[in-house]
Amino acid sequence: MIKYSTPGFSPGLDELIKAHQIIQPWIHRTPVFTNSWFNKKSGAELFFKCENFQVSGSFKARGAVHAVFRLSAQDAARGVATHSSGNHAAALSRAAGLRNIPAYIVMPENAPSVKVNGVKNYGGIIRFCEPVLEARETGLQEIVRATGAYFIPPYNHEHIILGQASAALELMQEVPGLDIIIAPVGGGGLLSGTSLAAKRLRPDITVYGAEPEQANDAFLSFKAGHIIPANPDTIADGLRTSLGDITFGVIRTFTDDILTASEAQIISSMRDVWERMKIIIEPSCSVPLAAIASRPELFEGKKVGVILTGGNVDLDKLPWSPR
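Because the structure is predicted, anything quoted here is derived from the model rather than measured. (Residues numbered from 1 in each chain as written. Predicted model: local features only at pLDDT ≥ 70, side-chain atom pairs only at ≥ 80, totals over all residues. Heavy atoms only, no water.)

A. Examining the overall build of the protein chain more closely. Across its full length, the protein chain carries 13 helices and 10 strands. If one aligns the C-alpha atoms of the protein chain with their principal axes, the spans along those axes are about 55 × 50 × 40 Å. Counting only contacts in the protein chain whose residues sit at least 6 apart along the sequence, the fraction spanning at least 24 positions is 74%. In the form shown here, the protein chain has an accessible surface area of approximately 12800 Å², with 50% of it arising from carbon and sulfur atoms. Looking at the protein chain, you have 31 positive and 31 negative side-chain charges, and the mean spots of the two groups are 4 Å apart. (Helix = DSSP H or I, 4+ residues; strand = E, 2+ residues; numbered from the N terminus. Contact = heavy atoms within 4.5 Å. Areas by Shrake-Rupley, 256 points an atom, 1.4 Å probe, with all protein chains shown as cover. Lys, Arg positive; Asp, Glu negative; His and termini not counted. Charge placed at Lys NZ, Arg CZ, Asp CG, Glu CD.)

B. Main features of the pairing of strand β9 (residues 257-261). Counting buried positions along β9 yields 4 of 5 residues, so the element is predominantly enclosed. The pairing of strand β8 (residues 206-212) with β9 spans 5 bridges and is parallel. By the bridge assignment for β9, E211 is matched with T260. (Buried < 20%, exposed > 50% of the residue type's maximum accessible area, 1.4 Å probe, protein only. Pairing = 2+ DSSP bridges.)

C. Spatial organisation of the environment of L13. Here L13 lies in helix α1 (residues 13-23). Expressed as a C-alpha distance, the spacing of L13 and K199, which sit 186 residues apart in the sequence, is 9.3 Å. Leave out the neighbours within four places in its chain, and L13 touches L169, R200 and L201.

D. Structural detail: the sheet that holds strand β10 (residues 303-308). The mixed open sheet is built from 6 strands, whose spatial order is β1-β2-β10-β7-β8-β9. Either end of the sheet is taken by a strand with one partner, and the two such strands are β1 (32-33) and β9. Strand direction decides the pairing type here: strand β2 (residues 45-50) and β10, joined by 6 bridges, are parallel. Bridge pairing links K49 to I307 in β10. The strands touched by helix α12 (residues 263-277) within the sheet are β1, β2, β8 and β9, with β9 carrying the most contacts at an inclination of about 85°. (Axes fitted to C-alpha atoms, helices over the stretch in contact; angles between N-to-C directions.)

E. Looking closely at unusual backbone geometry. Even without glycine at this site, S56 takes up a positive phi of about 70°. The topology assignment puts S56 in the loop between β2 and α3 (60-69). Here S56 falls in the buried class, since its relative accessible area comes to 11%. Phi is positive for K278, close to 60°, though the residue is something other than glycine. With respect to the helices and strands, the residue K278 is situated in the loop between α12 and α13 (283-294). Since its relative accessible area comes to 66%, K278 is described here as exposed.

F. Just the sheet that holds strand β3 (residues 80-83), in detail. Read across the sheet, 4 strands follow the order β5-β4-β3-β6 without closing on themselves; strand pairing throughout is parallel. Edge positions in the open sheet fall to β5 (125-129) and β6 (150-151), since each of these has one partner strand only. Direction of pairing for β3 relative to β6: parallel, over a ladder of 2 bridges. When the sheet's bridge partners are listed, A81 is paired in β6 with F151.

G. Spotlight on helix α6 (residues 113-121). Turning to α6, its buried residues number three or more, namely K115, V116, G118 and V119. Down the axis of α6, the buried side of the element spans an arc of 155°, and every buried residue falls inside it. Opposite the buried face of α6, at more than 90 degrees from it, the exposed residues are K120 and N121. On its buried face, α6 sits against α5 (87-98), β4 (103-108) and β5. (Arc of directions from axis to C-beta.)

H. Here's a closer look at the packing of aromatic side chains. Going through the model one piece at a time under the given rule, you end up with 6 aromatic pairs. Considering the side-chain rings of F38 and F48, the 5.7 Å spacing of their centres and the 65° angle between planes classify their relative orientation as edge-to-face. Of the two residues, F38 sits in helix α2 (residues 36-42) while F48 sits in strand β2, which places them 10 residues apart along the sequence. Each member of the aromatic cluster is reached from another via a ring pair, and the members are W37, F38 and F48. (Phe/Tyr/Trp six-rings, centres within 6.5 Å; stacked < 30°, edge-to-face > 60°.)

I. Structural view of the pairing of strand β7 (residues 180-184). By the criterion of burial, β7 is predominantly enclosed, with 5 of the 5 residues buried. Along β7, one buried face is formed by I180, I182 and P184 and the opposite face, lined by I181 and A183, is buried too. Judged from the 5 bridges that link them, β7 and β8 form a sheet pairing that is parallel. Directly across from A183, in β8, lies its bridge partner G209. For the crossover from β7 across helix α9 (residues 189-201) to β8, the handedness is right-handed. Inspection of the sheet shows β7 paired to β10 by 3 bridges, in the parallel sense. Across the sheet, residue I182 finds its bridge partner in β10, namely V306. (Right-handed = clockwise from strand over helix to strand, strands pointing away.)

Here it is, written out as structure tokens:
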């Protein structure tokens, strides 16, 4: 298995700010929205960081650009490689294109077509595999051996985490005085970065991760104190991965708790955003809102930052459409 391992990864605020400065020319500073209907429903004041408007359609652009632009010229010349169900694949393909280097992407054969097309549009070279982790890792190892490409994983990597932290930095700069910040968690790159940024800026802020009940490995791992692999069966395709050793270490240290939500709550919250905010988000984005709905007592009367992670949706397979 190809993996990174940096025990005790705990960057300071200066490192987070440096990462933000590196990526600024290549990403959007996404807007922060509020919505009176959601505020009334939750009893809280919600501020949505809209990464669905990010380049490549998700927050993944941040980490991918940072990781690619931190490569030496010698390493970059070999190209980059990863395995991903979609958003990281597209983001890495785009970032590689900015440095005029190839990106080799291993994708499960059941990846959403909108995400496959995104990778192709950015020039990524796709190799499809069976939709299981072993097949993804085997395919990746073969590509790395054949091409010498530099592996940039979707989440379990220091430079990925530092890049993802920039979304929370921007949110907290724009909306001072947040009581809580909540982000979805799959592999944990975004939640790690969010937790680091939030706690470095405001040690007293509360940070929650949000996860589907049917892919609750982060919740179980957080409670158990060791990584419990995912056994996912959720519509939130971006959250079907297990935590890595680096992300788990950061989350255990800097995240206050992991909340979960049912599939019905996830779908309902996604539709509410489409109807009430008139913006497109993918199922993974709605998990924090669904978690807020499932535990309203934690948020009532609070000023809450919510990271909406992406908007890459297969419009032919909407979760509320007839099957």
